[in-house]
Amino acid sequence: MKIIMLGAPGAGKGTQAKMISKKYEIPHISTGDIFRANIKEGTELGKKAKEYMDQGLLVPDELTVDLVVDRLQKEDCKNGFILDGFPRTIAQAEALKNANQSLDFAIDVNVPDENIISRMEGRRACVGCGATYHVVYNPTKVEGICDACGKELILRDDDKPETVKKRLDVYHDQTQPLIDYYANVGILKTVDGTQDMEDVFNAIVTILGA
Ligand code: AP5
Ligand code: MG
């Protein structure tokens, strides 16, 4: 099963993609996570990506497309994958098509802008394993400490309110057109992302099939 997740920053793509990956046993590939891992390791790619990410801008397609296309050639993707945060531009969607990746579902997790800002302010990410939580909606057992690996939790650099506003503008301008694009391909499915995480997941499972 080949799936892509669409949705605004903070819509819950990562949260749902992790759950889908586990249930359907397909790899979760998040371009945001790949860039953040490169930043942490101090690679050339990480240095370049950080310049754009910190401003709430998209990393240029030249740095993004080959990375994903190569990743999808790996053995673990042969039974499918869930892509989270890619494609984000029409050019990226076309590149995926040209790489002969025929997708089964494009799931749009729909959350209005008003809800996004408060979600981002409350999101916390683990410095160790990258797991994400929310101070209200998905708290850790011990405040500020990752349940999975015991490391410290931080607010992501790009989750400050000014940067979130910029990311939302960029989303509406460059990524939202993909909703019509995949509706035309005939694989678009929309779920109400304002529900509880479990309810959003149940709606997705109904679409994908148990
Ligand atoms: P990326 O990491 O992909 O960020 P994003 O799309 O902005 O999305 P987020 O990860 O912020 O949100 P999410 O939808 O995963 O929500 P989450 O599940 O965490 O990209 C970061 C940057 O990298 C981009 O800005 C860009 O610069 C660059 N980049 C990445 N891919 C690129 C590409 N293809 N091309 C170019 N540049 C690229 O949930 C958010 C919060 O809400 C969490 O705290 C969570 O616990 C909580 N939450 C989730 N679901 C619910 C719910 N149902 N109810 C209540 N709270 C919930
Ligand atoms: Mg994410």
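In the annotation of an unreviewed UniProt entry, the entry for the protein chain reads Adenylate kinase, and the organism field reads Candidatus Scybalomonas excrementavium. You can read under Sequence similarities (unreviewed entry) in the UniProt record for the protein chain the words "Belongs to the adenylate kinase family." Under the UniProt heading Subunit (unreviewed entry), the entry covering the protein chain gives this text: "Monomer."

Caption draft 1: Representation of the pattern of salt bridges in the model. Under the defined criterion, the tally for this structure stands at 12 salt bridges. When the shortest N-O distance is used, the salt bridge between Asp76 and Arg71 registers 2.7 Å. Residues Asp157 and Lys160 are paired through a salt bridge, measuring 3.8 Å at the closest nitrogen-oxygen approach. On the basis of relative accessible area, Asp157 is assigned to the partly exposed category, the value being 43%. Under the relative-accessibility criterion, Lys160 is labelled partly exposed at 35%. One salt-bridge network, in which partners are shared between bridges, spans Arg123, Arg156, Asp158, Asp159 and Arg167.

Caption draft 2: Representation of the sheet that holds strand β2 (residues 28-30). The sheet built from five strands is open, its strands ordered β2-β3-β1-β4-β8 with parallel pairing. This sheet does not close on itself; its edge strands, each paired only once, are β2 and β8 (188-192). With strand direction ignored, the average angle separating the axes of adjacent strands in the sheet is 20°. As judged from the four bridges shared by strand β1 (residues 2-6) and strand β4 (residues 105-110), these two strands associate in the parallel manner. Bridge pairing in β4 links Met5 to Ile107.

Caption draft 3: Highlighting the site of ligand 1. Taken together, 35 residues form the shell around ligand 1, and within it Thr15, Leu57, Arg88, Arg123 and Arg167 come nearest. One of the backbone N or O atoms of Lys13 is found 2.9 Å from an oxygen atom in ligand 1. Arg156 places a polar side-chain atom, nitrogen or oxygen, 3.3 Å from an oxygen atom of ligand 1. Elements supplying a minimum of two residues to the shell around ligand 1: α1 (13-24), α2 (31-41), α6 (113-122), β6 (132-134) and α9 (197-208). Ranked by residue count, the leading element in the shell around ligand 1 is α2, at four residues. When the residues that make up the shell around ligand 1 are grouped by side-chain class, the tally is 14 nonpolar, 12 polar and nine charged.

Caption draft 4: Structural context of the UniProt feature "binding site: Zn(2+)" (unreviewed entry) in the protein chain. Mapped onto this numbering, the UniProt entry annotates "binding site: Zn(2+)" (unreviewed entry) at Cys126, Cys129, Cys146 and Cys149. These annotated residues cover 24 residues of sequence, but their C-alpha atoms sit close together, with the largest distance between any two at 8.5 Å. Summarising the element assignment, Cys126 is placed in strand β5 (residues 123-126). As for its position among the elements, Cys129 is in the loop between β5 and β6. The contact partners of Cys129, leaving out residues within four places of it in the chain, are Cys146, Ala148 and Cys149.

Caption draft 5: Just the packing of aromatic side chains, in detail. As enumerated under the stated definition, the model contains one aromatic pair in all. Note on Tyr181 and Tyr182: the rings are 4.9 Å apart at their centroids and 75° apart in plane angle, and the pair reads as edge-to-face. Considered together, Tyr181 and Tyr182 belong to a single accessibility category, that of buried residues. Taking the ring centre of Tyr24 as reference, the NZ or CZ of Lys23 above it sits at 5.7 Å.

Caption draft 6: The arrangement of the packing of α6 against helix α7 (residues 161-175) in detail. Contact pair α6 / α7: the axes reach a minimum separation of 10 Å and the direction vectors enclose 140°. Between α6 and α7, the angle is such that the two are oblique. You can see that α6 and α7 cross each other, and the crossing is right-handed. Each of Asp113, Ile116, Ile117, Met120 and Glu121 in α6 lies in contact with α7, whose residues at this interface are Pro161, Val164, Lys165, Arg167, Leu168 and His172.

What counts, and where the lines are drawn
Residues numbered from 1 in each chain as written. Chains lettered and ligands numbered in written order. Predicted model: local features only at pLDDT ≥ 70, side-chain atom pairs only at ≥ 80, totals over all residues. Heavy atoms only, no water. UniProt positions renumbered as here; feature names shortened; annotations may be inferred. Salt bridge = Lys/Arg side-chain N within 4 Å of Asp/Glu carboxyl O. Buried < 20%, exposed > 50% of the residue type's maximum accessible area, 1.4 Å probe, protein only. Pairing = 2+ DSSP bridges. Helix = DSSP H or I, 4+ residues; strand = E, 2+ residues; numbered from the N terminus. Axes fitted to C-alpha atoms, helices over the stretch in contact; angles between N-to-C directions. Near = heavy atom within 4 Å. Polar contact = N/O pair within 3.5 Å; in protein donor to acceptor, adjacent residues only side chain to side chain. Nonpolar A, V, L, I, M, F, W, Y, C, P; charged D, E, K, R; others polar. Contact = heavy atoms within 4.5 Å. Phe/Tyr/Trp six-rings, centres within 6.5 Å; stacked < 30°, edge-to-face > 60°. Lys NZ or Arg CZ within 6 Å of the ring centre and 35° of its normal. Parallel < 35°, antiparallel > 145°, perpendicular 65-115°, else oblique. Left-handed = near helix turned anticlockwise from the far one by under 90°.

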